[in-house]
Amino acid sequence: MSLVSGPGRGGASTGHVPDEIKLVVEKHVEYIQTLDTRQDELEYWLTEHLRLNGVYWGLTALHLLGHPEALPRLATIDFVLSSQHESGGFGAAPGHDAHMLYTVSAVQILGTVDALEELDRRGKAGREKVGQYIADLQSQETGSFAGDEWGETDTRFLYGALNALSLLHMLHLVDIPKAVTYIQNCANFDGGYGVSPGAESHAGQIFTCVGALAIAGRLDLVDRDRLGGWLSERQLPNGGLSGRPEKLEDVCYSWWVASSLAMIDRLHWIDRDKLSQFILQCQDSEKGGIADRPGDMVDVFHTVFGLAGLSLIGFPGLVAVDPI
Amino acid sequence: MASHGVPRASGVQPATDQDWRKEQQKIKDYKGLVDSLNGRIREHQFNTETFEMTSKLLKWNPEYYTLWNHRRLILRHRFQYSNSRGPNDDSPPNHEALISLISDDLVFLIPLLRKFPKCYWIWKHRRWLLDEASGLLTASETRKFWQQELALVGKMLNLDSRNFHGWGYRRTVIEALERDALQAEGLSTSMTRQEFDYTTKMINTNLSNFSAWHNRSKLIPKLLDEMKADHQVRKKFLDDELELIERALWAGPEDQSLWFYHQYLVCTFDPKYTADSMVPEITGAESMAYVRKEIMKVREMLDGAEDCKWIYQSLIHLDRLYHELGNDWFEEASHIEGYFDELTKLDSLRLGKWNDLRGRINI
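Owing to the predicted nature of the structure, the values given are computational and were not obtained by experimental measurement.

1. Observations concerning the overall build of chain A
Link 1 in the chain: If you tally the helices and strands in chain A, you get 14 helices and four strands.
Link 2 in the chain: The C-alpha extent of chain A, read off along each of the three principal axes, is 55 × 50 × 30 Å.
Link 3 in the chain: The buried share of chain A, taken over its 324 residues, is 64%.
Link 4 in the chain: For chain A, the accessible area works out to roughly 11,100 Å², and carbon and sulfur atoms hold 51% of it.
Link 5 in the chain: Averaged over its 24 positive side-chain charges, chain A has a centre that lies 2 Å from the centre of its 43 negative ones.

Below, the structure written as structure tokens:
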């Protein structure tokens, strides 16, 4: 699996856009299946540091498309396990250092293909150690999470930690109340959340903070109307969603914004039909894949978040997704 | 990510045989360099040549996070052993050598930051260098580095005034400069006023800078606390902010950054938020007087901007707030109904929101 962008481009950037655009399920499946055959492209190698994320995105997309069998299960598990370190953590690919971002993807992939017990059977470290690797990255002082031993805290890591630990049934390993307090410190006047205390609201970070609060069972702390108001203003006249005020729309926010709205019961505060039209326009209906905007090159990252957005708003033909 | 905003024009031509061969050669070079570097790190060959290999690869691909870790391992080794008396001398390094190591690496990062201003790993590495400096050097030596960082981040924000990495790094720099250990004697410890003025400058350059408005909202409570401002001073401060935002709104009534800041100021009058606002001791009667005045001022903006949805949105918010404060409605029901009707027409994307809010209001 790779993150190589292209070869196709999503829809027309200008000119006539048909009113009725179909979701090209088979093309998307084919697109994802052929990603790993592109090893003669330099970009395949330049994106190796995202490989495990890429597998997760591709696999999730296939599950949403109703073709979970389209990637070979055993080879997927083997690849995940080959990226593990003795510490319990995972790198992006064999030879890459362990980091929270890939450890979370590894747990998510193994969870998706129902293979978490493979960690105990043939991993370099078993489930318990994987959970401990994640838990040890929590700061005792602030409750936040670092990405690895080199520091840098970010609400992305906090959400990832809680997500993976909940899949492993090991949330007891971390200090949840402290993590919740940290998230509250990232809250802003507009109801949103930033990457760290003091930082401006950003739809991606809002997803991580609201998602973490949902896992912690503390959605009562969210200022729903205020946040819902800010998030709903991310929708632009063409139906697409942006990440911050005065920014351009981008398919990946179809997930970050819409799932956050769903978690606070405000998904109906945006126009779902217009959003699905926008996402469909970003498809490459010949070669498969979805781009950030109509006319741009497709890649697997935008493919999964476009499909997840469509699934969330109940687009027919897709498997339903859980907003958290 | 892989391809944000890559237009359709790039990379569309089918590759010729020659292009293909060239690409294969590039892949071979790249992989060869990566393998060789990884081997050297495994063998703890933390020498200049290995270090240069990380430089070469990181310029090529700064997203390759493991390479940054390699670089830090080498730097740590150098911090420990680098010494003007030769490589085999284990005595502790002198500060000049350390300063030049850190300084050289900060310089190495500048073109990378300019080329990849949104790359998390570059900012992370920069932050790491400064943290190392704090641990290895004297307070005044470190302070010099942080002061240079303030100048650098100012330049980065001039290039892109919405870069949230830049704004975040700026807050880190300010925090560091304010830290007691770094204070040279006799200097004022707080930079809040200076940072507040910086947001004014950024806003004056571009009113739509939501990042600057946001930072301003974070600085004001701190500034007022540091001023030990009393109730009257706080009210005056609020008045000035209201005046500033209203002037801006007249110039750009369609600008959502401005309306969100206006909403932030109006929070002061909402009992749910008053305690954390800039005038925490404001009374109900004072709040009502303010809200009344705001309703009248915002209504005036409608003149010539009847199709601006933000005005109706704000009026509904203010009317609801007024009602919550005193149980009376300031405007007639027909007016408020009219605002909802306008929003239904002008803001059809958010119809669900307006229906919800309309259902909750019982005039």
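Further notes follow.
2. Things to note about the interface of chain A and chain B
Link 1 in the chain: Between chain A and chain B, the residue contacts involve 71 residues of the former and 59 residues of the latter.
Link 2 in the chain: Both faces considered, chain A and chain B share a buried interface measuring about 5,700 Å² in area, 54% of it formed by carbon and sulfur atoms.
Link 3 in the chain: In terms of surface lost to chain B, no three residues of chain A exceed Trp150, Phe189 and Glu233 of chain A, which account for 15% of the buried area on that side.
Link 4 in the chain: Inspection of the chain A/chain B interface yields five salt bridges.
Link 5 in the chain: Two residues, aspartate 225 of chain A and arginine 360 of chain B, come together in a salt bridge whose shortest N-O distance is 2.5 Å.
Link 6 in the chain: Across the chain A-chain B interface, the total number found is 32 residue pairs in polar contact (both at pLDDT 80 or more).
Link 7 in the chain: Sorting the residues of the side of chain A that touches chain B by element identifies helix H2 (42-46), helix H5 (100-112), strand E2 (151-153), helix H11 (224-232), strand E4 (298-299) and helix H14 (300-312) of chain A as the ones contributing at least two each.
Link 8 in the chain: By residue number, the principal contributor to the side of chain A that touches chain B is H11 of chain A, which donates five residues.
Link 9 in the chain: Partitioning the side of chain A that touches chain B into residue classes produces 23 nonpolar, 20 polar and 28 charged.

3. Some remarks on the side chain of serine 55 of chain B
Link 1 in the chain: Relative to the assigned elements, serine 55 of chain B resides in helix H2 (residues 48-60).
Link 2 in the chain: With sequence-adjacent residues up to four places away left out, serine 55 of chain B is seen in contact with Arg71 and Phe108 of chain B.

4. What to know about the pattern of salt bridges
Link 1 in the chain: Scanning all chains against the criterion turns up 36 salt bridges over all chains.
Link 2 in the chain: The partner of arginine 216 of chain B in a salt bridge is glutamate 241 of chain B, and the shortest N-O contact between them spans 2.8 Å. Taken together, the positions of arginine 216 of chain B in helix H9 (residues 210-226) and glutamate 241 of chain B in helix H10 (residues 231-251) put the pair 25 residues apart, joining distant regions of the chain.
Link 3 in the chain: For arginine 216 of chain B, a relative accessible area of 3% corresponds to the buried category.
Link 4 in the chain: Residues aspartate 347 of chain B and arginine 350 of chain B are paired through a salt bridge, measuring 2.9 Å at the closest nitrogen-oxygen approach. A single burial state applies to aspartate 347 of chain B and to arginine 350 of chain B, both of which are buried.
Link 5 in the chain: Within the structure, one salt-bridge network assembled from shared partners comprises Asp78, Glu118, Arg121 and Arg122 of chain A.

5. Section: the nonpolar core
Link 1 in the chain: Core analysis: the largest hydrophobic core is formed by 214 residues, its most contacted members being Phe145 and Tyr193 of chain A together with Phe269, Met278 and Ile311 of chain B.
Link 2 in the chain: With nine residues, the single largest contributor to this core is helix H10 (residues 203-215) of chain A.

6. Section: the confidence of the model for chain B
Link 1 in the chain: In this model, chain B carries an average pLDDT of 91, and 90% of its residues clear a pLDDT of 70 or more.
Link 2 in the chain: Taken as a whole, residues 8-12 of chain B scores under 50 in pLDDT and shows eight contacts with residues more than four places along the chain or in a different chain.

7. With respect to the layout of surface pockets
Link 1 in the chain: Size it by volume and the second largest pocket reaches roughly 1,300 Å³.
Link 2 in the chain: Lining the second largest pocket are 40 residues, and of these Ser196 of chain A together with Arg127, Gly168, Thr172 and Glu175 of chain B sit closest to its centre.
Link 3 in the chain: Elements that contribute at least two residues to the lining of the second largest pocket include exactly E2 of chain A together with helix H5 (120-136), helix H7 (164-178), helix H8 (192-205) and H9 of chain B.
Link 4 in the chain: Its residues placed into classes, the lining of the second largest pocket shows 14 nonpolar, 12 polar and 14 charged.

8. Structural notes on a negative patch on the surface
Link 1 in the chain: On the surface, Glu254, Glu300, Asp303, Glu306 and Asp307 of chain B cluster together into a negatively charged patch.
Link 2 in the chain: Relative to the assigned elements, glutamate 300 of chain B resides in helix H12 (residues 284-301).

9. Observations concerning helix H4 (residues 73-82) of chain A
Residues and elements named next belong to chain A.
Link 1 in the chain: Within H4, the full set of buried residues consists of Thr76, Ile77, Val80 and Leu81. Relative to the axis of H4, the buried residues are bounded by an arc of 130 degrees and lie together on one face.
Link 2 in the chain: Check the buried side of H4 and you find it contacts helix H3 (51-64), H5 and helix H6 (118-122).

10. Some words on empty space enclosed by the protein
A water-sized probe, rolled over the atoms, reveals where empty space remains.
Link 1 in the chain: On inspection of all chains with the given rule, the structure shows one cavity of 30 Å³ or more.
Link 2 in the chain: Put simply, the largest cavity is a space of about 50 Å³.
Link 3 in the chain: Together, Gly194, Val195, Ala199, Glu200 and Gln205 of chain A together with Phe164, Trp167, Arg171 and Ser211 of chain B line the largest cavity.
Link 4 in the chain: If one sorts the elements of the lining of the largest cavity by residue count, H7 of chain B sits on top with three residues.

11. Remarks on the packing of H2 of chain B against helix H3 (residues 65-81) of chain B
Residue and element names in this part refer to chain B.
Link 1 in the chain: Contact geometry for H2 and H3: axes closest at 10 Å, N-to-C directions at 150 degrees. By the criterion of interaxial angle, the relationship of H2 to H3 is roughly antiparallel. Seen from above, H2 lies across H3 with left-handed handedness. Contacts between H2 and H3 involve Thr48, Thr50, Phe51, Thr54, Ser55, Leu57 and Leu58 from the former and Leu67, Trp68, His70, Arg71, Ile74, Leu75 and Arg78 from the latter.
Link 2 in the chain: In terms of residue class, the contact of H2 with H3 is built from seven nonpolar, five polar and two charged.

So, how was this worked out
Residues numbered from 1 in each chain as written. Chains lettered and ligands numbered in written order. Predicted model: local features only at pLDDT ≥ 70, side-chain atom pairs only at ≥ 80, totals over all residues. Heavy atoms only, no water. Helix = DSSP H or I, 4+ residues; strand = E, 2+ residues; numbered from the N terminus. Buried < 20%, exposed > 50% of the residue type's maximum accessible area, 1.4 Å probe, protein only. Areas by Shrake-Rupley, 256 points an atom, 1.4 Å probe, with all protein chains shown as cover. Lys, Arg positive; Asp, Glu negative; His and termini not counted. Charge placed at Lys NZ, Arg CZ, Asp CG, Glu CD. Contact = heavy atoms within 4.5 Å. Buried area = accessible area lost by both parts, 1.4 Å probe. Salt bridge = Lys/Arg side-chain N within 4 Å of Asp/Glu carboxyl O. Polar contact = N/O pair within 3.5 Å; in protein donor to acceptor, adjacent residues only side chain to side chain. Nonpolar A, V, L, I, M, F, W, Y, C, P; charged D, E, K, R; others polar. Core = buried A, V, L, I, M, F, W, Y, C linked by side-chain atoms within 4.5 Å. pLDDT = per-residue confidence, 0-100. 1 Å grid on protein atoms, 1.4 Å probe; cavity = no way out; pocket = protein on both sides within 12 Å on 5 of 7 lines; lining within 4 Å. Points joined across faces, edges and corners; volume = space filled by probe spheres on them. Patch = residues over 30% accessible without salt bridge, like charges linked within 9 Å, V, L, I, M, F, W, Y side chains within 5 Å. Arc of directions from axis to C-beta. Axes fitted to C-alpha atoms, helices over the stretch in contact; angles between N-to-C directions. Parallel < 35°, antiparallel > 145°, perpendicular 65-115°, else oblique. Left-handed = near helix turned anticlockwise from the far one by under 90°.

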